[in-house]
Protein chains: 2
Amino acid sequence: MTSNEVLVSRLRECLGDDHVIVERELQRPYECDALPLYRELPLAVALPGSDTEVQQVLRLCHTLNIPVVARGAGTGLCGGAMPHPEGVLLVLSRLDGIIDIDPLARTARVQPGVANLSISEAAAPHGLYYAPDPSSQIACTIGGNVAENSGGVHCLKYGLTVNNILSLTLYTSEGEKLVVGGAGLDSPALDLMALMTGSEGLLGIVTEITVQLLPSPEIAKVVMAGFDSITEAGDAVSAVISAGIIPAGLEMMDRLAVSAAEDFSQAGYPREAAAILLCEVDGTAEEVDQHISQVADLFRQQGAASVVISVDETHRQLLWRGRKSAFPAVGRLAPDYYCMDGTIPRHQLSHVLTEIHRLGEQYGLGVANVFHAGDGNLHPLILFDASKPEQVSNAKHFGESILTLSVKVGGCISGEHGVGIEKLGMMSEQFSQEELNLLEDIKHAFDPGLRLNPGKGVPILKRCQEYRALPRQHTHD
Amino acid sequence: MTSNEVLVSRLRECLGDDHVIVERELQRPYECDALPLYRELPLAVALPGSDTEVQQVLRLCHTLNIPVVARGAGTGLCGGAMPHPEGVLLVLSRLDGIIDIDPLARTARVQPGVANLSISEAAAPHGLYYAPDPSSQIACTIGGNVAENSGGVHCLKYGLTVNNILSLTLYTSEGEKLVVGGAGLDSPALDLMALMTGSEGLLGIVTEITVQLLPSPEIAKVVMAGFDSITEAGDAVSAVISAGIIPAGLEMMDRLAVSAAEDFSQAGYPREAAAILLCEVDGTAEEVDQHISQVADLFRQQGAASVVISVDETHRQLLWRGRKSAFPAVGRLAPDYYCMDGTIPRHQLSHVLTEIHRLGEQYGLGVANVFHAGDGNLHPLILFDASKPEQVSNAKHFGESILTLSVKVGGCISGEHGVGIEKLGMMSEQFSQEELNLLEDIKHAFDPGLRLNPGKGVPILKRCQEYRALPRQHTHD
C-alpha cells in the first residue's frame, strides 16, 4: 500500500467507511471556507463522532506525520479552514451535542460542532443566553468561534468569545488530552484558555467547551439615525461613547451598504443618507428608556437628518434585519465580494472611510462599508468578479492596502475574522521579528511537529531550514 | 572583583548609586511580600527609573546569568515577589506615571508602579474609572495586578484585570521589547496579552499598560443580610444568581469574620448571624432600585434574620467598610494570619465551609472566612502564631488541605492571588503532567535561561537535568 492508502485504511478503521471521504467530487463542499479566494482538496476528509475518535485521528496523523486542519461549519472568513493538500481535514460537525446546562452556575458544556445560536435556544427556557453573536450565528459553530475568538454585533458590551467561555478540553497534535481554564473566573498559572482562544487550530483540537450564559435582558431597543456625511456619523459615535453609555451594539453602514441592505430587506433605512448608525441598548425597561432617549438626543445634536426608535420587538428585529443581511445583500451587487476585517481607533473612522473610498477608485472596484463602529472594527466589502483575474488581483491588493492603513493609524489587521492563510503575509506589518519569533516558539511548544494547520496564522520562519530537509513536511507553502 | 561586585558595579552605572541597594538592613523591607511565611534577601535591589533602565538591567542580568524577580508594592499574597538569594530584585515603584488618559477611547496608558486606585482618581474628572478593585487598591500597583490577574469585590460583574486591559509593553529576560494586545477588542494571532496577564513575572517585565476605563455608574446601593446558618446564606447566593441578577459584588462573611470586622469598623453587622451577605447593584437609578428590592425580597424568602439596604452613599460606604477591612480586622485576633485563595463551584459553598471549620478543629487553629460568594472564590483566614513552629507548620498544612478540598469539589488552587512560591507544590494537584510540561515549554519560549522569577509559578521539571549541570543556575530551590 502507498502511504496514502495506509492513511485512508487506518482512518476507516477508526471512524467507519461512511466518515472518511476521499472521492474528489464528494470533497468539493470542503475545499474552502467562506473565503473562496483560497481553495484546496485534502488527502482525506475525516468526520469523527466522539472525543476518542478525534484523539485516534490525531495519534494516527502524528505517527504518519500528516498535517491536520480542523473545520467547523466553514463560515470562517480568513481561509483558516482551507484543507491542506497533503493532510487530513478534521471536520467536527458530528460533535454537536449540548452536554448539559447548569442554570445555577449559568454555564453550558457543549461540543465544538454545536451552532452558536443553538446554545442560546437551549438556554432560553432558563432565561439565559450565550452573548457572542457573529452574523453567521445560525450556522457557525462554537468550536469555530473559539478558534477565531469571534465577536458579533453585541461584543461592544459583552466581549468576545474569550470573555464568555470558562474552560476547554482539547487534544494536542500528539493526541494528548488537556483541560484548560476552569469553573472559576480565573485559574492558576498561565492563561492557556485565552491562548487557545483565537489560535486558529494551530495549537490543538478543542472537543469540549464550557461557555458562560447570561440572563436574557428584560428589554432591548434600537435607535436608527441617518446622517448626511460620514464625519457627522463618526462624531455621533464618539458622542455616545463620551456620554458614558455602553450600548449593546453600535453599528455604522455607508450609502452603498444601506442601499443594498434596503433592497434586500426593506428595513426602512434612509437611502439618501451618507451613513446610518444603529445603536442598541439593553437592560431593564427604565434603564433602556433613559439611555435610548439620551442616544437619540445625541444623534440629533450631531446633525442626524432622521432618527427612528424601535416601537416594539418586531420593529427592533426589522431595523436589525438590514444590518444582519448586509453581507448577502452586498453580495448581489457584484458576482463576488471580499470582506475585510481591520480595527482602527474610533477617532480615525471618517479619515479611514474616506481613504477606503479613494483606494476603491484607485483599484477600480466598488466598496460597501459595514462597521462595528463602537469598537472600531471595520468590514469593508470589496466588490469584484472572480472570473476576471485582474479584478481578483486588484481585490487582494485593495484589501492589503486597507489593512496596511489600519496598522498605520494605530489599529490592527484583524478584528475578529482571524489571520488564516489570508493575512499570513501581513503578520510582519503588525509584529516585530521578536514578536513573531515568540509566536513561533509557542506554536512549537504545543505542536513540535508543526502539523496543525500548517501555513496559516503564524509565519514559521526560524524552523524553516531545520524542517525543510525532512520528508513530508508542510510547514510553509 | 568577584562576580557579585561586577554585578553591583554595573547596576550602579546603569541606575546611579541611590537606586541600587546592597546593604542587608536596607534590603529588609523587600525580603517578602504580604505572605511573610517566605523570606529571602537578594544580591541587590534595583530601582530603575525608566523603560530603558529596565531593559539595561535585564540585559546585564542576561549577560551575567543572574535571576531577576520583579516587585511592585509588595502586597501580593503568594510569595511571588519574594527575592531570589542569588538574584536581583527589580522594584518597579519608581515607574509610577500616568502617561495619558484618552476619554473618547476610554483608555489610560500607565506605568506599572502606579497604584490601582490612582488610575480611577485620575480618570474621575472624565466620569470614568478603572473597574478591578483588589482590597489593597490604595497600595497595590497595576503592574502587580497584571502579574497576578487581580480581581476584587466587583469582578463578578466587571471581570478580572485581563478583562480590563488592552495592551502591554514588556521586556523579555534577554531585554527584547515586545508590545502585546492593541487598541481594539481583539488583536491578531495568539493572545499573548492574556498569556502575560497572571504570568507572575515568569515571562517578562511589563513597563507600560493600556487599561480600559468604564463610565462611573450613576448610582450603587448595597443590601446587607444576616442569616442563622451558612446553608441559608449559601442558598440565598444561589437564589440571586438564579434570578438573573448580575450584582456588582456579592460577598459572604462568617461569624468570626463578622465579629472581627464589627470590632474594627462598627459597620453595623449583626454579630449574632452565622453568616452575612453583602450584595451591591450598580447602574441607573431605576435599574438599581428594581434589582435591590428584588435581592432584598430573595434574601427574606431564603430566611434572612435581618436585611438592611443602604440609604445613601455614606451608609453604602459604611456597610462596605467592614468587608474591606476584614483582613486587618481578623489580623487583630491572633499574632499572624494566613490568607488562602481557592475557588469552588457555588453550590459547594456550605459543604466546603463546614469542612473548613472541621479542618480548623483538626489542626487546632481558628479560621475566619471571607468569600467572594458570587464567583465562588474563598478567602479563609487561618489564625496562628508565627513564633510557634508547630503552628506555622499546621497553618501551612491546613492551607494545603483547603486547596486540595477545592480541587476535589471541582474548583482550583488559586482564584486571584496566584501560585508564587506558596502553591508551587500544589500545581501537580491541579494539572496533569502533560499540562505542566506545556506550561514549562511556554516559560521556556519566553525565558530560555529560566532566569525570571525562578522557583515560582510553574514547576520546572523537564529541564532540571539539563540546567542542573550549568553554573549559577537557580531554576529550582
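The preceding data block contains the structure.
Residues numbered from 1 in each chain as written. Chains lettered and ligands numbered in written order. Predicted model: local features only at pLDDT ≥ 70, side-chain atom pairs only at ≥ 80, totals over all residues. Heavy atoms only, no water.

Caption draft 1: Geometry of the overall build of chain A. Helix and strand counts for chain A stand at 17 helices and 19 strands. Its C-alpha radius of gyration of 23 Å places chain A within 12% of the 23 Å reference for a compact globule of 477 residues. Counting only C-alpha atoms and orienting by the principal axes, one finds that chain A spans roughly 75 × 55 × 45 Å. Accessible surface, chain A as shown: approximately 16500 Å² in total, 50% of it carbon and sulfur. The distance from the centre of the 34 positive side-chain charges to the centre of the 59 negative ones in chain A is 3 Å. (Helix = DSSP H or I, 4+ residues; strand = E, 2+ residues; numbered from the N terminus. Rg over C-alpha atoms; globule rule 2.2 N^0.38 Å. Areas by Shrake-Rupley, 256 points an atom, 1.4 Å probe, with all protein chains shown as cover. Lys, Arg positive; Asp, Glu negative; His and termini not counted. Charge placed at Lys NZ, Arg CZ, Asp CG, Glu CD.)

Caption draft 2: A look at the interface of chain B and chain A. With 65 residues of chain B in contact, the opposing surface of chain A contributes 65 residues. Where chain B meets chain A, there are zero salt bridges. Scanning the region where chain B abuts chain A turns up twelve residue pairs in polar contact (both at pLDDT 80 or more). Where the side of chain B that touches chain A is concerned, the elements lending two or more residues are α6 (155-158), β9 (177-181), α7 (192-196), β11 (214-215), α8 (230-242), α10 (285-301), α15 (427-430) and α16 (433-446) of chain B. At eight residues, α16 of chain B tops the list of elements feeding residues into the side of chain B that touches chain A. (Contact = heavy atoms within 4.5 Å. Salt bridge = Lys/Arg side-chain N within 4 Å of Asp/Glu carboxyl O. Polar contact = N/O pair within 3.5 Å; in protein donor to acceptor, adjacent residues only side chain to side chain.)

Caption draft 3: Summary view of the pattern of salt bridges. All names here are of chain A. Counted by the stated rule, this structure contains 34 salt bridges over all chains. Note that R358 and E355 form a salt bridge whose closest N and O atoms lie 3.1 Å from each other. A residue pair is termed a helical-turn pair when its members lie 3 or 4 positions apart in one helix, as R358 and E355 do in helix α13 (residues 349-363) at three residues. In this structure R358 comes out as partly exposed when scored by relative accessible area, which is 41%. The partly exposed category is assigned to E355, whose relative accessible area is 21%. (Buried < 20%, exposed > 50% of the residue type's maximum accessible area, 1.4 Å probe, protein only.)

Caption draft 4: Seen up close, the packing of helix α1 (residues 3-15) of chain B against helix α3 (residues 51-64) of chain B. All names here are of chain B. Direction vectors running N to C along α1 and α3 enclose 160 degrees, while the axes themselves pass 10 Å from each other. Classified by the angle their axes make, α1 and α3 are roughly antiparallel. Both α1 and α3 take part in a crossing whose hand is right-handed. Residues V6, L7, R10, L11, C14 and L15 of α1 pack against E53, Q56, V57, L60 and L64 of α3. (Axes fitted to C-alpha atoms, helices over the stretch in contact; angles between N-to-C directions. Parallel < 35°, antiparallel > 145°, perpendicular 65-115°, else oblique. Left-handed = near helix turned anticlockwise from the far one by under 90°.)

Caption draft 5: Spatial organisation of the relation of the copies chain B and chain A. Rotating chain B by 180 degrees and translating it 0.0 Å along the rotation axis places it on chain A, where the RMSD comes to 0.0 Å. The two molecules are tied by a two-fold rotation axis, judged by turn and shift. Of all interface residues in chain B, 100% are interface residues in chain A too; the two copies therefore contact each other through one and the same surface. (Least-squares fit on C-alpha atoms with pLDDT ≥ 70 in both.)

Caption draft 6: Fine view of the nonpolar core. Among the nonpolar cores identified, the biggest contains 182 residues, and F299 of chain A together with F299 of chain B are the most heavily contacted of them. Discounting residues that sit within four places of it in the chain, F299 of chain A has contacts with V223, A225, F227, A236, V240, L250, L277, C279, A304 and V307 of chain A. (Core = buried A, V, L, I, M, F, W, Y, C linked by side-chain atoms within 4.5 Å.)

Caption draft 7: Region of interest: helix α16 (residues 433-446) of chain A. Taking 1.5 Å per residue, 14 residues should reach 20 Å; α16 of chain A reaches 20 Å between its end C-alpha atoms and fits that length. For α16 of chain A, the buried fraction is high: ten of the 14 residues fall into the buried class. Buried within α16 of chain A we find E435, L436, L438, L439, E440, D441, I442, K443, A445 and F446 of chain A. Of the surrounding elements, those touching the buried residues of α16 of chain A are α7 (192-196) and α15 (427-430) of chain A together with β9, α7 and α16 of chain B. (Expected span 1.5 Å × (residues − 1).)

Caption draft 8: A look at the packing of aromatic side chains. Residue and element names in this part refer to chain A. Counted according to the given criterion, the structure contains eight aromatic pairs over all chains. Summarising the aromatic geometry, the rings of Y129 and Y158 are spaced 6.4 Å apart at their centres and angled 85 degrees between planes, so their arrangement reads as edge-to-face. With Y129 in strand β7 (residues 128-129) and Y158 in helix α6 (residues 155-158), this residue pair connects regions lying 29 residues apart in the sequence. Between Y363 and F398, the aromatic rings sit 5.5 Å apart at their centres with planes inclined by 20 degrees, giving stacked as the arrangement. Of this pair, Y363 sits in helix α13 while F398 sits in helix α14 (residues 389-408), and the two are 35 residues apart along the sequence. With a relative accessible area of 17%, Y363 lands in the buried category. (Phe/Tyr/Trp six-rings, centres within 6.5 Å; stacked < 30°, edge-to-face > 60°.)

Caption draft 9: Fine view of the sheet that holds strand β2 (residues 44-46) of chain A. Residue and element names in this part refer to chain A. On the basis of which strands lie adjacent, the open sheet formed by four strands has the order β1-β2-β4-β3 and mixed pairing. Edge positions in the open sheet fall to β1 (20-21) and β3 (68-71), since each of these has one partner strand only. Across the sheet, helix α3 (residues 51-64) touches β3 and β4 (88-91), and the angle it forms with β4 is around 170 degrees. (Pairing = 2+ DSSP bridges.)

Caption draft 10: Representation of a negative patch on the surface within the structure. A cluster of like negative charges, contributed by E218 and E286 of chain A together with E218 and E286 of chain B, occupies part of the molecular surface. Within the secondary structure, E218 of chain A sits in the loop between β11 (214-215) and β12 (219-227). Judged by relative accessible area, which is 49%, E218 of chain A ranks as partly exposed. (Patch = residues over 30% accessible without salt bridge, like charges linked within 9 Å, V, L, I, M, F, W, Y side chains within 5 Å.)

Caption draft 11: Structural view of the sheet that holds strand β5 (residues 98-102) of chain B. Residue and element names in this part refer to chain B. Strand order in the open sheet formed by five strands is β5-β6-β10-β8-β9, and the pairing between neighbours is antiparallel. Strands with a single pairing partner mark the edges of an open sheet, and in this sheet they are β5 and β9. Within the sheet, the average angular offset between the axes of one strand and its neighbour, ignoring direction, is 15 degrees. Here five bridges tie strand β8 (residues 165-171) to β9, and the two strands are oriented antiparallel to one another. Its bridge partner being in β9, L168 is matched across the sheet by V180.

Caption draft 12: Broad picture of helix α1 (residues 3-15) of chain A. Residues and elements named next belong to chain A. For α1, built from 13 residues, the straight-helix expectation of 18 Å at 1.5 Å per residue is met to within 8% by its first-to-last C-alpha distance of 18 Å. When we look at burial in α1, the residues that qualify are L7, V8, L11 and L15. Angularly, the buried residues of α1 cover 90 degrees about the axis, an arc narrow enough to put them on a single face. Here the buried face of α1 lies against β1, β2, α3 and β4. Just past α1, the residue G16 takes up positive phi, approximately 90 degrees. (Arc of directions from axis to C-beta.)

Caption draft 13: Just the packing of α8 of chain B against helix α13 (residues 349-363) of chain B, in detail. Residues and elements named next belong to chain B. Contact pair α8 / α13: the axes reach a minimum separation of 8 Å and the direction vectors enclose 150 degrees. Considering only the axes of α8 and α13, their crossing is right-handed. Residue-level inspection shows I230, T231, G234 and V237 of α8 in contact with α13, the latter providing L349, S350 and L353. Here the residues of the contact of α8 with α13 sort into four nonpolar, three polar and no charged. (Nonpolar A, V, L, I, M, F, W, Y, C, P; charged D, E, K, R; others polar.)

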